[in-house]
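Survey of secondary and tertiary structure
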Number of protein chains: 2
Amino acid sequence: MAAANKMNSAEQGAGSSELRAPESRDEILKAAIKLFANRGFHETSMAEVARAANVSKALIFWHFKTKEDLFMAVLNRLLEPYVIDFAEEAGALDEIAQIMQLVELYLMFVRDNASSIRFFVAQLMRGELASDALTGPVMRLYDGYRGLLVDLIGRAQAKALCLKDFPAAAVARMLLSMLNGTLIEMLFAETDHADVASAIAMIRQWLFGGRAGVAKDAPPGL
Amino acid sequence: MAAANKMNSAEQGAGSSELRAPESRDEILKAAIKLFANRGFHETSMAEVARAANVSKALIFWHFKTKEDLFMAVLNRLLEPYVIDFAEEAGALDEIAQIMQLVELYLMFVRDNASSIRFFVAQLMRGELASDALTGPVMRLYDGYRGLLVDLIGRAQAKALCLKDFPAAAVARMLLSMLNGTLIEMLFAETDHADVASAIAMIRQWLFGGRAGVAKDAPPGL
DNA sequence: TGGTTCATTGACCGGATGGTTAGGGATTTA
DNA sequence: TAAATCCCTAACCATCCGGTCAATGAACCA
């Protein structure tokens, strides 16, 4: 059985807008990222991905053995920019400046990766899939970030630079809650830049009171 | 509306383990709530709902015309407890106490409705379905709550009871960010009660500095 | 030139899903 | 008691989905 007749000929004509080489894999990944991000895993069909990537469904299964394989590849691709090392960023700055830089880094990171973060959060929310392959790296990063905060806040408290009414760990947790709250406001309501800037100002005021000590007052990028 | 009549006679006598009267609708709703909540809309099949509710799939389609109808019914059922009037709660208390009571109310509400809130957030995240029927009521409630906060904070600032370095609206927004951040920590990491209590303490400290003025120091329920 | 591998495709398959239908048993109504 | 109504079900259907397969053109290798 199987017709096998071909039918094509059609578009030949040498170059023009034809599909290229094994960068089709990349095309598929990009399409999958977009679709998974704003429709979720279960709601995205391989046929849709194929259509969006301008390839046949079978080709997707040639590149990635299963749908979950594709999903994992998407995960890894999205995880790449998440490896930014927060640590290196701040050199000889005092604790206050370092903390504020971490805060700004967090917010800028969220702003720049809004869509993939939305994706991760959506995935996190339900145990949908791969909760380990997902939870693992993200949580490691998150814990690392919190660790840095606890450390820095502890040192700032020791130098009496920063509010001391609560243990460093609690302050760090609260700071992260503030950041996460601002984050979800950025993601769902569309907070404008002014609001984010004012959030940063309020965080600084909360942590350090009237003290200065920060290099730049209004972060350039935000 | 829902019949409510009858339900009589019921199971006794012959029936053995037989199904009852038009409270089957309720059984279906309860099952659907549970399934939709922790598996989402698309990942929950009508057959599963039927199995979980111990009825036939066809009966579901008799009670609710389509799957989306069932989903809407679930939404409305879940929305019911959300009508709590925050306003009535606080009577003759001063602004500080009222604000702190709102804060506690928010956190307790989240704690008590964790599963349905998780459901709403998951639904909100993607525009999956009914984004109006969903967004509408929840956002109205949320805005109402924020309005109350802005008002109270404004009055507290006027009386110099509360931090005045920022406009009331900004303070309210930040407070909500803190609450939402604490919320997602409660929902996803399992923050224990001590952490929530310390979060409340830190919020009070942030808003009112050393001032007292609050009736109870450690909220009983939390 | 013929063969091997790479990259790609249309057609196909079994299973699950949302939804329908025809009917049946019990209760109410006339 | 006959008709109508309500509540409920098994069986069915069309569609879509993840995944497979045989075939094939192009590039590289002998």
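Residues numbered from 1 in each chain as written. Chains lettered and ligands numbered in written order. Predicted model: local features only at pLDDT ≥ 70, side-chain atom pairs only at ≥ 80, totals over all residues. Heavy atoms only, no water.

Summing up its helical and strand segments, chain A has 10 helices and zero strands in all. Taken from the N to the C terminus, the helices and strands of chain A come in the order α-α-α-α-α-α-α-α-α-α. For chain A, buried positions account for 45% of its 222 residues. Within chain A, contacts between residues separated by at least 24 positions form 69% of all contacts whose residues are at least 6 apart in sequence. Of the roughly 11300 Å² that chain A leaves accessible, carbon and sulfur atoms contribute 56%. (Helix = DSSP H or I, 4+ residues; strand = E, 2+ residues; numbered from the N terminus. Buried < 20%, exposed > 50% of the residue type's maximum accessible area, 1.4 Å probe, protein only. Contact = heavy atoms within 4.5 Å. Areas by Shrake-Rupley, 256 points an atom, 1.4 Å probe, with all protein chains shown as cover.)

This part is about the relation of the copies chain B and chain A. If you rotate chain B by 179° and push it 0.0 Å along the axis, it lands on chain A with an RMSD of 0.2 Å. Put plainly, the chains are arranged around a two-fold axis. (Least-squares fit on C-alpha atoms with pLDDT ≥ 70 in both.)

Okay, the confidence of the model for chain A next. The share of residues in chain A with pLDDT of 70 or more is 74%, and the mean pLDDT across the chain is 77. Under a pLDDT of 50 for its full length, residues 212-221 of chain A has, in the predicted model, 13 contacts with residues more than four places off or in other chains. (pLDDT = per-residue confidence, 0-100.)

Let us look at the packing of helix H9 (residues 168-187) of chain A against helix H10 (residues 193-208) of chain B. Interhelical geometry of H9 of chain A versus H10 of chain B gives an angle of 80° and a closest axis separation of 10 Å. Regarding the angle of H9 of chain A to H10 of chain B, the classification is roughly perpendicular. For the pair formed by H9 of chain A and H10 of chain B, the contact residues are Ala170, Val171, Arg173 and Met174 of chain A on the first element and Asp195, Ser198, Ala199, Met202 and Ile203 of chain B on the second. Across the contact of H9 of chain A with H10 of chain B, the residue classes break down as six nonpolar, one polar and two charged. (Axes fitted to C-alpha atoms, helices over the stretch in contact; angles between N-to-C directions. Parallel < 35°, antiparallel > 145°, perpendicular 65-115°, else oblique. Nonpolar A, V, L, I, M, F, W, Y, C, P; charged D, E, K, R; others polar.)

This next bit is on the nonpolar core. Counting residues in hydrophobic clusters, the biggest one holds 78 residues, and the most contacted among them are Leu175, Trp206 and Leu207 of chain A together with Leu175, Trp206 and Leu207 of chain B. Within the residue set of this core, elements represented by two or more residues are helix H6 (95-112), helix H8 (131-158), H9 and helix H10 (193-208) of chain A together with helix H6 (95-112), helix H8 (131-158), helix H9 (168-187) and H10 of chain B. Residues contacting Leu207 of chain A, with those up to four places away along its chain left out, are Ile99, Cys162, Leu163, Val171 and Leu175 of chain A. Formed by 26 residues, the second largest nonpolar core is a distinct cluster that contains Ala31, Phe36, Met46 and Phe120 of chain A. (Core = buried A, V, L, I, M, F, W, Y, C linked by side-chain atoms within 4.5 Å.)

It is worth spelling out the protein's contact with DNA strand C at this point. Inspection of the region around DNA strand C gives 20 residues, with Ser24 and Ala58 of chain A together with Met46, Lys57 and Lys67 of chain B positioned closest. Those atoms of DNA strand C that come within 4 Å of the protein belong to sugar or phosphate at a rate of 52%. At 2.9 Å, a backbone N or O of Ser56 of chain A approaches a phosphate oxygen of DNA strand C. The contact in question runs from a phosphate oxygen of DNA strand C to an N or O atom on the side chain of Lys67 of chain B, over 2.7 Å. For the surface near DNA strand C, the secondary structure elements donating two or more residues are helix H3 (57-63) of chain A together with helix H3 (57-63) of chain B. With four residues, the top contributor of residues to the surface near DNA strand C is H3 of chain A. (Near = heavy atom within 4 Å. Polar contact = N/O pair within 3.5 Å; in protein donor to acceptor, adjacent residues only side chain to side chain.)

All names here are of chain A. Within this structure, the stated rule accounts for 14 salt bridges over all chains. Between Arg155 and Asp151 there is a salt bridge, with its nearest N and O atoms 3.2 Å apart. Taken together, the residues span about one helical turn, with Arg155 and Asp151 both in helix H8 at a distance of four residues. Residues participating in the shared-partner salt-bridge network are Glu95, Asp151, Arg155 and Lys159. (Salt bridge = Lys/Arg side-chain N within 4 Å of Asp/Glu carboxyl O.)

Residue and element names in this part refer to chain A. The phi angle at Asn54 is positive, at roughly 60°, despite the residue not being glycine. Position of Asn54 relative to the elements: it lies in the loop between helix H2 (46-53) and H3. Residue Asn54 is classed as exposed on the basis of its relative accessible area, which comes to 57%.

For the rest of this paragraph, the subject is the interface of chain B and chain A. Every contact between the two is made by 32 residues of chain B and, on the other side, 32 residues of chain A. When chain B packs against chain A, the two sides together hide about 3000 Å² of surface, and 68% of this comes from carbon and sulfur. The interface formed by chain B and chain A contains four salt bridges. Among the salt bridges present, the one from Arg173 of chain A reaches Asp195 of chain B, with a minimum N-O distance of 3.3 Å. Viewed at the interface, chain A and chain B are joined by five residue pairs in polar contact (both at pLDDT 80 or more). (Buried area = accessible area lost by both parts, 1.4 Å probe.)

Residue and element names in this part refer to chain B. Between H6 and H10, the shortest axis-to-axis distance is 11 Å and the interhelical angle comes to 150°. One element, H6, and the other, H10, form an angle in the roughly antiparallel class. Taken as a pair, H6 and H10 cross one another with a handedness that is right-handed. Of the residues in H10, those in contact with Ile96, Ile99, Met100, Val103, Glu104 and Leu107 of H6 are Val196, Ile200, Ile203, Arg204, Leu207 and Phe208. Per-class residue counts for the contact of H6 with H10 are 10 nonpolar, no polar and two charged. (Left-handed = near helix turned anticlockwise from the far one by under 90°.)

Residues and elements named next belong to chain A. With respect to the helices and strands, the residue Pro81 is situated in the loop between helix H4 (67-79) and helix H5 (86-89). Between the C-alpha atom of Pro81 and that of Asn113, which follows or precedes it by 32 residues, the distance is 8.7 Å. For Pro81, the contacting residues outside a window of four places in its chain are Phe109 and Asn113.

Here the focus is H2 of chain A. Residues and elements named next belong to chain A. Of all the residues in H2, the buried ones are Met46, Val49, Ala50 and Ala53. Taken around the axis of H2, the buried residues stretch over an arc of 100°, which confines them to a single face. Considering only its buried residues, H2 is in contact with helix H1 (24-39), H3 and H4. Where H2 ends, the next residue or the one after it, Asn54, has phi of about 60°, a positive value. (Arc of directions from axis to C-beta.)

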